Amino acid sequence: MKLHLLKSKIHNAVVTSGDLEYEGSITIDSELLELANMLPNEKVLCVNNNNGARFETYIIEGKPGSKEIQLNGAAARCALPGDQIIIMAFAEVDEEEAKSFKPVILIVDSHNNPKRRHLAGDEANTL
């Protein structure tokens, strides 16, 4: 049996911009992607802490160091620049592996600078 588990999460990211004319997706600074163990084109679930909206989309790699979190296409209707969101990626894991699986948690500050990174259940490392 396969279980659908949280693989990684960027917690409290702040939306920097939106582009309604783009076909859809979320653009994320490539340095944040690497720290969060996320990949371009990966499906993500996003939750808006300001209004409760939940939406799925896929990742586009943004410019390294830009701290960019841009919502594109219809996703841009789900959060405004300045809104705080949680970005989560999931993985299908075998039941036995799931017993010890730990997702990567990346916590960012209000400017999308990495603050802490850790595996769920482990002590956080300040960045």
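Placed above this text is the structure.
Residues numbered from 1 in each chain as written. Predicted model: local features only at pLDDT ≥ 70, side-chain atom pairs only at ≥ 80, totals over all residues. Heavy atoms only, no water.

### Details of the overall build of the protein chain
A count of helices and strands for the protein chain gives 2 helices and 10 strands. Secondary structure of the protein chain in N-to-C order comes out as β-β-β-α-β-β-β-β-α-β-β-β. Against the 2.2 N^0.38 benchmark of 14 Å for 127 residues, the protein chain shows a C-alpha radius of gyration of 14 Å, consistent with a compact globule. Overall, the protein chain is about 45 × 35 × 25 Å in size when its C-alpha atoms are taken along their principal axes. In the protein chain, buried positions account for 44% of the 127 residues. (Helix = DSSP H or I, 4+ residues; strand = E, 2+ residues; numbered from the N terminus. Rg over C-alpha atoms; globule rule 2.2 N^0.38 Å. Buried < 20%, exposed > 50% of the residue type's maximum accessible area, 1.4 Å probe, protein only.)

### Considerations on the pattern of salt bridges
Within this structure, the stated rule accounts for 5 salt bridges. We note a salt bridge from Lys 7 to Glu 42, for which the minimum N-O separation is 3.1 Å. One end of the pair, Lys 7, is in strand β1 (residues 2-14); the other, Glu 42, is in the loop between α1 (30-36) and β4 (43-48), and 35 residues separate them in sequence. Lys 67 is the partner of Glu 31 in a salt bridge, and the nearest nitrogen-oxygen pair spans 3.9 Å. (Salt bridge = Lys/Arg side-chain N within 4 Å of Asp/Glu carboxyl O.)

### Regarding unusual backbone geometry
Even without being a glycine, Asn 41 presents a positive backbone phi close to 75°. Tracing the chain through its elements places Asn 41 in the loop between α1 and β4. In this structure Asn 41 comes out as exposed when scored by relative accessible area, which is 59%. Phi at Asn 112 takes a positive value of approximately 65°, unusual for a residue other than glycine. Structurally, Asn 112 is set in the loop between β8 (104-108) and β9 (114-119).

### Some words on the pairing of strand β3 (residues 25-29)
With 5 of 5 residues buried, β3 is to be regarded as a mostly interior element. Judged by which residues are buried, β3 turns out to be covered on both faces: Ser 25, Thr 27 and Asp 29 on one side and Ile 26 and Ile 28 on the other are all buried. Alignment of β3 against strand β6 (residues 69-72), held across 4 bridges, turns out to be antiparallel. Within the sheet, the bridge partner assigned to Thr 27 lies in β6 and is Gln 70. Here 4 bridges tie β3 to strand β5 (residues 54-62), and the two strands are oriented parallel to one another. Paired with Ile 26 across the strands is Ile 59, a residue of β5. (Pairing = 2+ DSSP bridges.)

### Brief notes about the state of the cysteines
Applying the stated rule across the entire model yields 0 disulfides. No disulfide involves Cys 46; its sulfur sits 8.8 Å from that of Cys 78, the nearest cysteine. With a relative accessible area of 0%, Cys 46 lands in the buried category. (Disulfide = S-S within 2.5 Å.)

### Thoughts on the environment of Phe 101
With respect to the helices, strands and loops of the structure, Phe 101 is situated in the loop between α2 (95-98) and β8. The spacing of Phe 101 and Ala 120 is 19 residues in sequence and 9.0 Å in space, taken between C-alpha atoms. Apart from residues lying up to four places away in sequence, Phe 101 is in contact with Leu 5, Leu 6, Lys 7 and Val 93. (Contact = heavy atoms within 4.5 Å.)

Limitation: the analysis is restricted to geometry and does not speak to function.
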